[in-house]
Amino acid sequence: MQIEDLSGLPDGVTEHFVSAGIEELYPPQAAAVEAGVLSGESVVASVPTASGKTLIAQLGMLSAIHETDGMALYIVPLRALASEKAAEFEAFEQFGLDVAVSTGNYEEDGDWLGNADVVVATSEKVDSLIRNGADWIDDLACVVADEVHLVDDRGRGPTLEVTLAKLRSRVPNLQVVALSATIGNADEIADWLEAELVDSDWRPIELRTGVHYGDALHLDDGSTTELPTGSQDQTEALVADTIAADGSALVFVNSRRNAEAAARRLGEVTESALSAADREALQEVADEIRAVSDTETSEDLAAAVEQGAAFHHAGLARGHRTLVEDAFRERLIRAVSATPTLAAGVNTPSRRVVVRDWRRYDGSTGGMAPLSTLEVHQMFGRAGRPGRDPHGEAVLLAKSHDELEELFDRYVYADPEPVRSKLAAEPALRSHVLSTVATGFVHSHEGLLEFLGETLYASQTDDPSRLEAVTEDVLEYLDRNDFLVRENGDLRATPAGHLVSQLYLDPMSAAIIIDGLRAGEGSPSPLGLYHLVSRTPDMYELYLKSGDESTYTEIAYERERELLGQTPSEFAEGEFEDWLSALKTAKLLEDWAEELDEDRIAERYGVGPGDIRGKVETAEWLLQAAERLAGELEISSASAIREARIRVEHGIRADLLDLVGIRHVGRKRARRLREAGFETREDLRQADPGRVLAALSGRQKTTEKVLASAGHPNPDLDGVEADEDTPSSQH
Ligand code: ADP
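Residues numbered from 1 in each chain as written. Predicted model: local features only at pLDDT ≥ 70, side-chain atom pairs only at ≥ 80, totals over all residues. Heavy atoms only, no water.

**Q** Hey, could you go over the sheet that holds strand E6 (residues 175–180) for me, with residue numbers and the actual values?
**A** In any sheet, the strands associate via hydrogen bonds between backbone groups, in a parallel or an antiparallel arrangement. Here we have seven strands laid out as an open sheet, ordered E3-E4-E2-E5-E6-E1-E7, and parallel in their pairing. Edge positions in the sheet fall to strand E3 (99–101) and strand E7 (196–199), since each has one partner strand and no second. Adjacent strand axes in the sheet meet at a mean angle of 15 degrees, parallel and antiparallel pairs treated alike. Strand direction decides the pairing type here: E3 and strand E4 (residues 118–122), joined by three bridges, are parallel. Bridge pairing in E4 links Ala 100 to Val 119. Running over the sheet, helix H7 (residues 186–193) touches strand E1 (43–46), E6 and E7 and is turned about 165 degrees from E1. (Pairing = 2+ DSSP bridges. Helix = DSSP H or I, 4+ residues; strand = E, 2+ residues; numbered from the N terminus. Axes fitted to C-alpha atoms, helices over the stretch in contact; angles between N-to-C directions. Contact = heavy atoms within 4.5 Å.)

**Q** Tell me about the nonpolar core, and please be specific about residues and values.
**A** Grouped together as the largest cluster of nonpolar side chains are 73 residues, with contacts concentrated most on Phe 483, Leu 505, Leu 517 and Leu 629. Considering each element in turn, this core owes the most residues, ten residues, to helix H25 (residues 609–632). With residues near it in sequence (within four places) discarded, Leu 629 still touches Leu 499, Val 500, Leu 503, Leu 505, Ala 510, Ile 513 and Ile 514. Counting residues in each nonpolar core, the second largest holds 58 residues, with Val 269, Leu 323, Ala 335 and Val 376 among its members. (Core = buried A, V, L, I, M, F, W, Y, C linked by side-chain atoms within 4.5 Å. Buried < 20%, exposed > 50% of the residue type's maximum accessible area, 1.4 Å probe, protein only.)

**Q** Let's hear about the pairing of E1: which residues, and what values?
**A** Judged by which residues are buried, E1 turns out to be covered on both faces: Val 43 and Ala 45 on one side and Val 44 and Ser 46 on the other are all buried. Where E1 lies against E6, four bridges are found, and the strand directions are parallel. By the bridge assignment for E6, Ala 45 is matched with Leu 179. In the sheet, E1 pairs with E7 via four bridges, with the strands oriented parallel. Within E7, the residue paired with Val 44 across the bridge is Leu 197.

**Q** Just give me the short version of the packing of aromatic side chains, but keep the residues and values in it.
**A** Per the counting criterion, the structure on display carries seven aromatic pairs. Centroid distance Phe 92 to Phe 95: 6.5 Å. Interplanar angle 35 degrees. Geometry classified as tilted. Accessibility expressed as a relative area gives 4% for Phe 92, which makes it buried. Pairing Trp 358 with Tyr 411 gives two aromatic rings, centres 6.1 Å apart and planes at 70 degrees, and the pair type is edge-to-face. Of the two residues, Trp 358 sits in the loop between strand E14 (352–355) and strand E15 (359–362) while Tyr 411 sits in helix H14 (residues 401–412), which places them 53 residues apart along the sequence. Side by side, Trp 358 and Tyr 411 carry an identical accessibility label, which is buried. Through successive ring pairs, a cluster of aromatic residues spans Phe 17, Phe 92 and Phe 95. Note that Lys 615 overlies the ring of Tyr 540, its terminal NZ or CZ placed 3.7 Å from the centroid. For the cation-ring pair, Arg 667 lies above Trp 592, with the distance from its terminal atom to the ring centre recorded as 3.8 Å. (Phe/Tyr/Trp six-rings, centres within 6.5 Å; stacked < 30°, edge-to-face > 60°. Lys NZ or Arg CZ within 6 Å of the ring centre and 35° of its normal.)

Right, dumping it as structure tokens:
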């Protein structure tokens, strides 16, 4: 099927695809068109990685917008992918379409999004927009669920599932385009969504899979090729072999630390293949990486890149990730070691994929657990660049003959596991039941069960009483915590319950925060508040490493009076440990708010800069929520909470609170200004510009912006000299 023969698309779109090299539809894309994706039909496309799912989604969205004048919504699985997807769709702006990304804070209705034609957001964000009354939802004509097999994910799956159910129940005739990896039971997802199924294992480039063991590579077609390791380990030998044949390699490992360590060793392999021109180009990339941030991770990454290798994981800053992905696609970087989180979504094909670790640490058991077949197949799918490589090759590594056989059975010959809904679990339902009642989707117990009957869970289960039982427990919990009232089968959210739903809090987080604030009413310390929000299920944990337990036990007793609520007994093992790991997070936040360097923090807590940002953002959000809850419930701690929040938001001590309120003044500039004797906005408004210029190291543009933001009557610095007498001119 030729792309230029398609109808129902905005003018110019088919020409655009052709000029981008897409002339003929791939078979699964043609099947989606035949199934009606261009005429409003819902479609589930279960198709291998890198086989053109995005185009299927684009055809659905563009035709829906064109034919109905409605909007399209593209749901991404990770926040980090939202802007990348939006950038892909921005090409359509030439056809008059507006693309908007909705990330950022919860608790807004996102009214401005109503002017867009395509909105890109995570399922959590969409859920939150619905909770906050976004009207434009009613204008949707098409919704795309990318990586829909993630409904199986214990943590985030239920949100995707409930969000799709809500969108479908609210918007009649909504077209749903659900994209899935190849799974065995895509038909069940299609039944649930009342969609046509496109189920295909076609790939644009042949994929060979197998296992390396000893000195040979054993492939699924039964062939065995010699591939001796010599003095190298298996990974290095496989990467060296790929590079010798002018290919590139992607190595999947099970942790960030391992990704970083592997990149160091891969650098030694890739370096020998570099030409002088490569080195020069890589040097430029390395310099750009160093310019993104001045941290140890940044330096390690830049050093690997200089040698032609890199690591890639979710702890990297976004700027770092993009630089690595682009340089890998251009084949400047020849080998990347990555964690599985990023196997999905990032379009970085390479000739050979090496799945080095097939087990990873499992927090719930404290041991190592095998990756699912589905995950490993998705990593496999990154092998082979159509038009560039003769074929793709994906390889696991075995250390023994038994392991060789196990890996063939488990991953090479096996089908992926069926996708199962994870909705019938209390933590998931707590939040979704409350929001379903609070947003007025349902008003009664009966209505609630009817709505839950529209979920994938209900369509898959043989035992509907299980969902009813969990729902009953959840209603009881919400009632006990005064978030919801039950009267003769009617359900109503209390004002606090409404607020919790809008704030996008897990009701259990809200209950912990409310109890803690009541216990420490008055002026809780920042550490007490950071600890309180770190105890909630909405803050992901920092694990305690060896030695941490005694360190934090000591701090817990030293600063017990600041911690809100009763310290659990040391004998209550799990509880006490949770208390300590929350304290570890709280100390990280306190260090940040005490202006400790990012690098020092990263080292002290064994985390990357991306993790610090993540913790800070979560703390900001939870403290904002705490402030709102304190207001609603008349608990008199609001100003202490606000101060703790602003301090953690900017990473500043209390004496800079006023200065960071000025635009263009961050933690470092504020400290310089403070050292030069400026304490408040008012001081700056009346300042001698020369002194401010000196405090800001003679940077004229910056100083002008800062003075203007502070309301200085004459911020223009032409002809002004930095005043050399001020102490901070040494900076
Ligand atoms: P998926 O979402 O299935 O992982 P993508 O949609 O990212 O895969 O597609 C992988 C690559 O294939 C992209 O670079 C895309 O431009 C290209 N592609 C998609 N469809 C076609 C086609 N019909 N002809 C040529 N290239 C295509």
